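This is what each chain is made of:
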Amino acid sequence: MEHMLLLFIFFIPILGLTNGTETEQDFTWHLKKIPQIVSERTFSLDSPKFEAKTKLELNSVCGIECQRKLPVPNLSDLKDLLSYETVFENGTRTLTEVNVLGLGLDPAGNTTTRKSLRRKRQIYGTDSRFSIYDKRFMTNFPFNTAVKISTGCSGILISPKHVLTAAHCLHDGKDYVKGSKRLRVGLMKVKSRGEGRKRKDGMPSFQWTRVKSTHIPKGWFKGVSGDIALDYDYAVLELKRPHKRKYMELGISPTIKMMPGSMIHFSGFDNDRSGQLVYRFCSISDESNDLFYQYCDAEPGSTGSGVYLRLKEPNKKKWKRKIIAVYSGHQWVDVNGEQQDYNVAVRITPLKYAQICFWIHGNDENCTQG
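All of these numbers come straight from a predicted model, not from anything done at the bench.

How each quantity is defined
- Residues numbered from 1 in each chain as written.
- Predicted model: local features only at pLDDT ≥ 70, side-chain atom pairs only at ≥ 80, totals over all residues.
- Heavy atoms only, no water.
- Buried < 20%, exposed > 50% of the residue type's maximum accessible area, 1.4 Å probe, protein only.
- Helix = DSSP H or I, 4+ residues; strand = E, 2+ residues; numbered from the N terminus.
- Arc of directions from axis to C-beta.
- Contact = heavy atoms within 4.5 Å.
- Polar contact = N/O pair within 3.5 Å; in protein donor to acceptor, adjacent residues only side chain to side chain.
- Patch = residues over 30% accessible without salt bridge, like charges linked within 9 Å, V, L, I, M, F, W, Y side chains within 5 Å.
- Areas by Shrake-Rupley, 256 points an atom, 1.4 Å probe, with all protein chains shown as cover.
- Salt bridge = Lys/Arg side-chain N within 4 Å of Asp/Glu carboxyl O.
- Lys, Arg positive; Asp, Glu negative; His and termini not counted.
- Charge placed at Lys NZ, Arg CZ, Asp CG, Glu CD.
- Pairing = 2+ DSSP bridges.
- pLDDT = per-residue confidence, 0-100.
- Phe/Tyr/Trp six-rings, centres within 6.5 Å; stacked < 30°, edge-to-face > 60°.
- Lys NZ or Arg CZ within 6 Å of the ring centre and 35° of its normal.

A look at helix H3 (residues 75-82)
Part 1 of the argument: Residues Leu-78, Leu-81 and Leu-82 constitute the buried set of H3. Down the axis of H3, the sector holding all buried residues measures 85 degrees, keeping them to one side.
Part 2 of the argument: Lining the buried residues of H3 we find strand E1 (36-45), strand E3 (84-88), strand E4 (93-101), strand E11 (205-217) and helix H5 (350-361).
Part 3 of the argument: Measuring from the side-chain oxygen of the N-cap residue of H3 to the backbone nitrogen of Ser-76 gives 3.1 Å; that N-cap residue is Asn-74.

So, a positive patch on the surface
Part 1 of the argument: Side chains of Lys-181, Arg-182, Arg-184 and Arg-210 sit close together on the surface and give a patch of like positive charge.
Part 2 of the argument: Counting through the fold element by element, Lys-181 comes out in the loop between strand E9 (162-165) and strand E10 (184-189).
Part 3 of the argument: A relative accessible area of 34% means that Lys-181 is categorised as partly exposed.

Details of the pairing of strand E7 (residues 146-149)
Part 1 of the argument: By the bridge criterion, three bridges tie E7 to strand E8 (residues 154-157) in an arrangement that is antiparallel. Residue pairing across strands places Val-147 opposite Gly-155, the latter belonging to E8.
Part 2 of the argument: As defined by bridge partners, E7 adjoins E10 across three bridges and the pair is classed as antiparallel. Paired with Val-147 across the bridge in E10 is Leu-187.

Comments concerning unusual backbone geometry
Part 1 of the argument: In this chain, Phe-141 is followed by Pro-142 through a cis amide linkage whose omega measures 5 degrees.
Part 2 of the argument: Within the secondary structure, Pro-142 is located in the loop between helix H4 (135-138) and E7.
Part 3 of the argument: Within the chain, Phe-50 stands out as a residue other than glycine whose phi angle is a positive 55 degrees.
Part 4 of the argument: Relative to the elements of secondary structure, Phe-50 occurs in the loop between E1 and strand E2 (58-61).

Details of the pairing of E11
Part 1 of the argument: In this sheet, E11 lies alongside E3 in antiparallel orientation, the contact comprising five bridges. The partner of Tyr-84 across the bridge, within E11, is Pro-217.
Part 2 of the argument: Inspection of the sheet shows E10 paired to E11 by six bridges, in the antiparallel sense. What sits directly across from Leu-187, in E11, is Gln-207.

Here's the deal with the confidence of the model for the protein
Part 1 of the argument: Looking at the protein, pLDDT values average 81 and 76% of them are 70 or higher.
Part 2 of the argument: Segment residues 11-25: pLDDT under 50, and 18 contacts once partners within four positions in sequence are set aside and those in other chains are kept.
Part 3 of the argument: Counted against residues more than four places away or in other chains, residues 114-121, with its pLDDT under 50, gives 25 contacts.

What about the packing of aromatic side chains?
Each aromatic ring pair is described using two quantities: the centre-to-centre distance and the angle formed by the ring planes.
Part 1 of the argument: Counting across every chain of the model gives 15 aromatic pairs.
Part 2 of the argument: Three or more aromatic residues link up through ring pairs in this structure, and these residues are Tyr-84, Tyr-232, Tyr-234, Phe-358 and Trp-359.
Part 3 of the argument: Taking the ring centre of Trp-208 as reference, the NZ or CZ of Arg-184 above it sits at 4.7 Å.
Part 4 of the argument: Above the ring of Phe-141, the side-chain terminus of Lys-246 is found at 4.3 Å from the ring centroid.

Structural data, given as structure tokens:
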């Protein structure tokens with residue numbers, strides 16, 4: 001039954017929405033001109049202490065109402081927030097200051113769109129997650145793009161040498177977490193003959209690869225944004241050796257109304273299902289310029305997963321999956337003066353696309369459109 005449902009989800013073409021007014025042609029990846037992130041100067045910093053504890057759930061972050069009140073960042077603010085630290089495998093650290101070119105600031109500021117009422121808990125009602133046991137799914141696209149981070153989070157392959165994950169999996173806003181100095185990434189693999197008796201069926205084994213360097217935007221650090229800012233809860237890891245797997249491309253996050261059924265998907269390694277790859281899909285309930293608020297059933301361990309959807313390629317009949325957000329996890333945010341809980345994902349905006357693309361390629365020449 002599970003196999004039949006997964007086949008339906010992934011291989012049946014997406015048709016119009018239930019209101020009958022939108023057609024398949026509405027759901028297209030629209031190419032956009034991307035701002036340029038240009039490196040201005042890089043200088044050395046003291047090595048981190050690597051003493052922070054990994055926190056898989058964050059409190060007192062800027063939530064829905066706080067987002068609405070935020071002023072539009074000016075160019076100087078963005079240059080500061082998008083500057084970034086790089087930590088290398090030997091423990092050394094640098095800060096790169098950047099300039100932002102070709103940016104059109106939105107005078108509307110931070111807006112929030114609400115779709116449905118709030119609920120509570122990381123698992124909302126009946127647990128709708130699927131554990132992927134069949135290696136035919138587990139080791140093939142898109143599930144094979146999910147990776148395990150040695151600090152306890154998940155991530156997603158975005159190039160032959162790069163992984164996208166959440167910044168809080170590596171840094172608590174003040175210091176890098178324990179274990180991030182010798183960071184490793186686990187890629188799923190088919191069990192070898194010798195592992196057959198040691199592992200249960202459906203439990204993936206991993207090929208662990210060392211991380212060469214880690215990039216985190218300065219906007220994540222306390223003291224720059226005033227407090228932890230979920231808008232910048234993303235990081236890119238460069239692997240020491242390239243892999244030969246199919247990876248998932250980045251996409252610019254569309255608005256809810258441009259997503260079939262407002263639906264998103266992601267897979268990760270939830271702690272309550274140890275050793276299992278867990279897939280889920282759900283509709284988004286609220287959105288701001290930088291965040292998706294949703295109720296996808298998820299547990300700690302899945303944070304850092306790449307959130308993706310499937311849209312039609314321009315002028316083609318082919319549908320393509322792209323990453324549009326990073327799952328930040330279960331968060332308490334401010335609503336009507338009280339703390340409410342949501343599962344939150346950080347949207348890949350044109351600026352974030354430009355920065356992540358710059359980290360992948362080392363220049364902006366390959367990052368003009370997304």
